[in-house]
Amino acid sequence: ENGKMNVAIDGPAGAGKSTVARLVAESLAYIYVDTGAMYRAVTLHMLRKGISPEDVPEVLQETQKLVIDLQPDPDGQKVFCNGEDVTSEIRSREVTGIVSRYAQIEGLRTQLVDTQRQMALRKGVVMDGRDIGTTVLPDAEVKIFMTASVEERALRRFKELDPSEGLTLQQLERDIATRDKLDESREISPLRCAEDATVLDTTKMSIHEVVDKIVSYCTMVRGEIGL
Ligand code: CDP
Ligand code: CDP
């Protein structure tokens with residue numbers, strides 16, 4: 001064993017998962033895996049090919065041919081799909097608006113979950129998503145369920161926007177609430193807090209405070225299990 005653990009971070013959109021997970025990984029010298037980016041990359045590919053979420057056999061067949069690669073980068077993480085850098089395109093409103101529909105497809109989830117488990121086999125991974133603590137890595141040594149009020153989450157996303165996109169805070173709040181609802185109500189591994197996860201409400205916390213809290217928690221757990 002290499003003395004490393006796996007850290008699972010789940011929660012709704014805008015809770016701060018990816019920002020925090022990346023910084024926690026940096027602090028622990030672990031690898032960061034953004035599973036949302038994988039669902040987004042698949043979605044972008046299907047939109048380009050004109051395959052709708054209802055065309056399940058086509059979706060599954062196309063997904064099998066996709067090679068999604070996540071690479072660490074000084075300003076975040078780069079996402080490659082069949083060798084093409086799709087880092088910015090997967091964040092478009094078009095992808096964001098429909099990704100949860102593709103993410104409901106059972107066979108698609110099986111394929112991505114398989115890849116995600118492979119990535120975590122050697123431990124030392126901080127993985128964020130919706131079903132990491134419940135389904136992908138049920139044995140993760142550290143499980144965090146990160147939340148924040150929907151108003152705060154919409155505001156955080158609003159601040160990231162380019163004003164030229166012309167989206168209002170109300171629109172964003174509605175978009176986020178709709179996506180949360182789809183993610184929470186789907187049949188296959190819905191967004192849900194694992195029984196053994198630690199809940200962290202970040203509504204009034206800064207990024208730095210959240211990162212510190214999780215890193216200290218990881219240090220404590222590592223001591224407890226004697227790694
Ligand atoms: O960053 P944001 O919270 O907006 O979303 P994301 O983490 O990039 O995830 C985009 C979508 O992918 C989610 O709304 C889910 O529908 C889906 N997803 C999932 O089903 N399971 C995961 N482990 C990660 C994302
Ligand atoms: O990955 P997820 O959708 O959960 O959220 P994110 O993309 O990491 O965070 C959404 C935005 O909120 C980012 O611009 C973060 O910088 C910001 N944020 C914040 O202001 N305070 C926090 N405690 C966490 C994130």
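Each value, and the rule that gives it
Residues numbered from 1 in each chain as written. Chains lettered and ligands numbered in written order. Predicted model: local features only at pLDDT ≥ 70, side-chain atom pairs only at ≥ 80, totals over all residues. Heavy atoms only, no water. Near = heavy atom within 4 Å. Areas by Shrake-Rupley, 256 points an atom, 1.4 Å probe, with all protein chains shown as cover. Helix = DSSP H or I, 4+ residues; strand = E, 2+ residues; numbered from the N terminus. UniProt positions renumbered as here; feature names shortened; annotations may be inferred. Buried < 20%, exposed > 50% of the residue type's maximum accessible area, 1.4 Å probe, protein only. Salt bridge = Lys/Arg side-chain N within 4 Å of Asp/Glu carboxyl O. Polar contact = N/O pair within 3.5 Å; in protein donor to acceptor, adjacent residues only side chain to side chain. Nonpolar A, V, L, I, M, F, W, Y, C, P; charged D, E, K, R; others polar. Pairing = 2+ DSSP bridges. Axes fitted to C-alpha atoms, helices over the stretch in contact; angles between N-to-C directions. Contact = heavy atoms within 4.5 Å.

Right, let's talk about the site of ligand 1 for a bit. In the vicinity of ligand 1, 20 residues are found, and the nearest of them are Arg-40, Arg-109, Asp-131, Arg-179 and Asp-183. Protein chains bury 98% of the 530 Å² of accessible surface belonging to ligand 1 in isolation. Listing elements by their share of the shell around ligand 1, those giving two or more residues are helix H2 (35-49), helix H4 (93-102) and helix H8 (169-185). With 4 residues, the top contributor of residues to the shell around ligand 1 is H2.

The feature "binding site: ATP" (unreviewed entry), as given by UniProt, occupies Gly-11, Pro-12, Ala-13, Gly-14, Ala-15, Gly-16, Lys-17, Ser-18 and Thr-19 in the numbering adopted here. Take Pro-12: it is sitting in the loop between strand S1 (6-10) and helix H1 (17-28). Classification of Pro-12 by relative accessible area gives buried; the value is 9%. One can find Thr-19 in helix H1.

This structure, assessed with the given rule, holds 15 salt bridges. Residue Arg-48 is joined to Glu-84 by a salt bridge in which the shortest nitrogen-to-oxygen separation is 2.9 Å. Here Glu-84 lies in strand S5 (residues 84-85) and Arg-48 lies in helix H2, a separation of 36 residues in the sequence. What makes Glu-84 partly exposed here is its relative accessible area of 34%. Residue Arg-48 is classed as partly exposed on the basis of its relative accessible area, which comes to 45%. The structure contains a network of salt bridges with shared partners spanning Arg-48, Glu-84 and Glu-89.

This paragraph deals with the site of ligand 2. Of all residues adjacent to ligand 2, which total 15 residues, the nearest are Gly-14, Ser-18, Thr-19, Arg-157 and Glu-160. One of the backbone N or O atoms of Gly-16 is found 2.9 Å from an oxygen atom in ligand 2. Contact between ligand 2 and Lys-17: an oxygen atom at 2.8 Å from a side-chain N or O atom of the residue. Out of a free accessible area of 540 Å², ligand 2 has 82% covered by protein chains. For the shell around ligand 2, the secondary-structure elements that each account for two or more residues are H1, helix H7 (150-160) and helix H9 (207-224). Of the residues belonging to the shell around ligand 2, the class tally is 6 nonpolar, 5 polar and 4 charged.

What follows is about the environment of Ala-177. As for its position among the elements, Ala-177 is in helix H8. The spacing of Ala-177 and Ala-154 is 23 residues in sequence and 9.1 Å in space, taken between C-alpha atoms.

Once that is clear, we can look at the sheet that holds strand S8 (residues 198-201). The strand order across the open sheet formed by 5 strands is S2-S6-S1-S7-S8, and the pairing between neighbours is parallel. Each edge of the open sheet carries a strand with a single partner, namely strand S2 (31-34) and S8. Each neighbouring strand pair of the sheet contributes to a mean axis angle of 20°, computed without reference to strand direction. In terms of strand pairing, S2 meets strand S6 (residues 125-129) through 4 bridges, oriented parallel. Bridge pairing in S6 places Val-33 opposite Met-127. Its contacts with the sheet put H2 on S2 and S6, and the angle it makes with S2 is roughly 40°. On the sheet, H9 packs against S1, strand S7 (142-147) and S8 and is oriented at approximately 160° with respect to S7.

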